[in-house]
Structures are given as structure tokens and as C-alpha cells.
Amino acid sequence: MKQILITGGNGQLGSELRALQDAYPAFSFKFTDVEDLDITSPAALAAEMDTFAPDYVINCAAYTAVDRAEGDMDIATLINATAPRYLAEAAQQRGATLIHISTDYVFDGTAHRPYTEEVPTSPDSAYGSTKLEGERHVLESCKHCIVIRTSWLYSAYGNNFVKTMKRLGMERDELGVIYDQVGTPTYAGDLAKAILDILLILESGRVEQAYGIYHYSNEGVCSWYDFAVEIFRRESINCKVKPIETKDYPTDAKRPHYSVLNKGKIKSTFGLEIPHWAESLQVCLDALKGAR
């Protein structure tokens, strides 16, 4: 049985991986988070890797406070860039495969067509810059690695846009939501399944030269405004959604105006079928109802 070590195990993606573990009996999982494993310590990583001896490492840990990162660059760099390098080096030394999660924020959002993996990166925020640095460290330090960029992640776990909109929609009669930032929501449960399916494919040996950068989000395109409207419609929340521009909602960090990801490479390489974002939104909303 192959062993998988997961960092950031209490976050959205880590929690979705935990929920799926029984459906993948070919793997033995170990979930860690900051209280269990200090990924910023090479010594702690070496001890964990030598003890558990994982065949695969899935790095879900990240500093994701996008606005706070603008004034907290040192910590963001440590978690988003330095720690992935340590993980990559530890995986390389022990012959493990590393799956590292990155972000659409490595792009500046000035494009008008979905970003492929070959488009030059140009982050416009501290968060995006540190995540891009982490990508580069991983690719340079670990021969057997896959970097997956994703966007607008949400789930039934943790804090995210879907849960925030549900709460605010119940509290207010009207809500302003940005309409001039366009991308694709990604249900973390779908991404978790895609990652584990990819590991099964790697185990089968059916795919050669599978390592490198991939993009994954759900299918379809929307704005944050569209996303909020659909949440309220499906939940029958009687709150008026008012479309506003980015300039009307200033933030410390600059967000990409357009961050739709082209998923052609990951679909063709691994034969993945990716659900539409609205379909997966309903899955998440149903999961939230079941969690009550």
C-alpha cells in the first residue's frame, strides 16, 4: 500500500482529501497541519519523512490571507516559498513524488482568454509573488513533482466565499458584490478527487512524462457577482445582489480581473472529466446542509 503525507490537512483541500480517503483503499493517508508538523523546519520534515516514508506528498499548506500578505511578506514567503522548497528537497532525497498546490494569482489578470500553463507569469500581489516563488522552488528541487494551479477555492470546510455569502445573505437585504473580476469557482472536493485520481494513474504507469505544471478549476466562467446570485438562487435567499466595480471595494492586494484557467492539459494528460462550477456548487450546498 502506497503512503501519502498531506500537509495543511485541516484546510479546505486537506479536509476534502480526508473525506475521500476511504474511497481510495490503495493508499494509506497521514494528515498533518501546523500543530503536527513544522514544514518551515528542514529537520522536522526530515524526521517526519524518515518515520512515515511517504511515496507521495500533497502540499495543501499555504499562507492564503491575500490582503494581509501585503504587509506580512516575510511570513508569506516562509510558508508559500521557503517551506515548499524544503518539502521538495526532502521528497527528492527520498524518492517521493510531490503534488504542490498553487494559484491563479501568479497571473496579473490582464488576459482575455483562458490561461494555459505556457503563458508567462506576472503576479501583481505579495501572495501571488510568494506562490510563484514556491512553484519555482518545487520544480527546481524535485524531479518528480506536479504543480497544480487552481482558482476561487471553496468547500463545506473552513472559511470561503460560499459560506460568507450564505451568512451575509441571511443578515442583509442588499449586498454589493464585484462583477468586474472574472474567473472560475473551484469546489475543493472536485480538486481533491482529481489529485487522488492522478495518483492512481501515476501508480498504473499509464502516463509518461506526467510531471510539471497543470491548471485545474471547475468548468465554466463567472464573476463574483454571478457566483453570489447563483448561491442565493439555489438557497432561496431573499437578498438583492448589487453589482459593484473593483474600485468600489478597495483592498490591500490587487486581484486579477481575469483569471480563467485553461484545463486542456490536465484533461488530456490524465483523462479527467471536470464538472461545471454550478453543478459542483450544488454538491457543496448539499454538503453544508448535511453538516448542520
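For clarity, every value in this text was computed on a predicted model and none was experimentally measured. (Residues numbered from 1 in each chain as written. Predicted model: local features only at pLDDT ≥ 70, side-chain atom pairs only at ≥ 80, totals over all residues. Heavy atoms only, no water.)

## Points about the overall build of the chain
The test is simple: Secondary structure elements are taken from DSSP: a helix is a run of H or I of four residues or more, a strand is a run of E of two residues or more, and numbering for both begins at the N terminus. Based on C-alpha atoms, the radius of gyration is set beside the globule rule, defined as 2.2 Å times the residue count to the power 0.38. By the convention used here, residues are in contact when the closest approach between their heavy atoms is within 4.5 Å. All accessible-area figures derive from a Shrake-Rupley calculation using a 1.4 Å probe, and residue coverage is judged against the displayed protein chains alone. Neither His nor the chain ends contribute to the count of charged residues, in which Lys and Arg are positive and Asp and Glu negative. All charge positions are set by atom: Lys at NZ, Arg at CZ, Asp at CG, Glu at CD.
Of regular secondary structure, the chain possesses nine helices and 12 strands. For a compact globule of 292 residues, the expected C-alpha radius of gyration is about 19 Å, and the chain comes in at 19 Å, within 12% of that figure. Dimensions along the principal axes, computed over C-alpha positions, put the chain at roughly 55 × 40 × 40 Å. Residue pairs in contact within the chain that sit at least 24 positions apart in sequence constitute 84% of those at least 6 positions apart. By element, 48% of the accessible surface of the chain is carried by carbon and sulfur atoms, the whole surface being about 13100 Å². Where the 29 positive side-chain charges of the chain centre and where its 40 negative ones centre are 3 Å apart.

## With respect to the environment of G128
Relative to the assigned elements, G128 resides in helix 4 (residues 126-141). Taking the C-alpha atoms as reference points, G128 and V66, 62 residues apart in sequence, are found 8.4 Å from one another. Each residue touching G128, except ones within four places of it in the same chain, is listed here: Y105, V106 and P123.

## Things to note about the nonpolar core
How we decide: Only buried residues count toward a nonpolar core, which is a set of Ala, Val, Leu, Ile, Met, Phe, Trp, Tyr and Cys residues joined through side-chain atoms within 4.5 Å. When a residue's accessible area, from a 1.4 Å probe over protein chains only, is under 20% of the maximum for its type it is buried; when over 50% it is exposed; and in between it is partly exposed.
If you look at the biggest cluster of nonpolar residues, it comprises 32 residues, and the most contacted ones within it are I4, L17, I58, I148, L199 and F270. The set of elements that each furnish at least two residues to this core consists of strand 1 (2-7), helix 1 (12-20), strand 2 (27-31), strand 3 (56-59), strand 4 (97-103), strand 5 (145-150), helix 6 (188-204) and helix 8 (264-270). Top element by residues in this core is helix 6. It accounts for nine residues. In this view, I58 contacts I4, L5, I6, T7, L17, I99, I195, L196 and L199; residues no more than four positions away in its chain are not counted. If you look at the next biggest cluster of nonpolar residues, it comprises 25 residues, including F227, C239, A278 and L288.

## What to know about empty space enclosed by the protein
Picture a little ball the size of a water molecule; that probe, rolled over the atoms, points out where space is still empty. Condition: The way it works is a 1 Å grid over only the protein atoms, where trapped points that fit a 1.4 Å probe form a cavity and open points with protein on both sides within 12 Å along at least five of seven lines form a pocket, and then any residue with an atom within 4 Å of a point lines it. Grid points are joined across faces, edges and corners, and a volume is the space filled by probe spheres set on the points. Ten residue types, Ala, Val, Leu, Ile, Met, Phe, Trp, Tyr, Cys and Pro, are classed as nonpolar, four, Asp, Glu, Lys and Arg, as charged, and the remainder, Gly among them, as polar.
In total, this model carries two cavities of 30 Å³ or more according to the counting rule given. Computed from the structure, the largest cavity encloses a volume of approximately 40 Å³. Lining the largest cavity are D104, Y105, W152, Q181, W224, R255, P256 and S259. Of the residues that constitute the lining of the largest cavity, the class distribution is four nonpolar, two polar and two charged. In this structure, the second largest cavity encloses a volume near 30 Å³. What lines the second largest cavity is Y105, F107, D108, D124, S125, K254, R255 and P256. Among the residues forming the lining of the second largest cavity, the class breakdown is three nonpolar, one polar and four charged.

## A short note on helix 6
Formally: Multiplying 1.5 Å by the helix residue count minus one yields the expected span of that helix.
Taking 1.5 Å per residue, 17 residues should reach 24 Å; helix 6 reaches 24 Å between its end C-alpha atoms and fits that length. Where burial is concerned, most of helix 6 is hidden: 13 out of the 17 residues are buried. Trailing helix 6 by a residue or two, G205 shows a phi angle of about 75°, which is positive.

## Quick word on the pattern of salt bridges
Between side chains of opposite charge, a pair can form when the charged atoms approach closely. What counts here: For salt bridges, the criterion is a side-chain nitrogen of Lys or Arg within 4 Å of an Asp or Glu carboxyl oxygen.
Counted according to the given criterion, the structure contains 16 salt bridges. For E203, the salt bridge is made with K2, and the minimal N-O distance between the two is 3.1 Å. Here E203, found in helix 6, pairs with K2, found in strand 1; they are 201 residues apart in sequence, far enough to count as distant. Looking at E203, the relative accessible area reads 34%, which means it is partly exposed. Look at the salt bridges and you will find they share partners, linking K166, E235 and K289 into a network.

No statement about biological role is implied by the geometric values presented.
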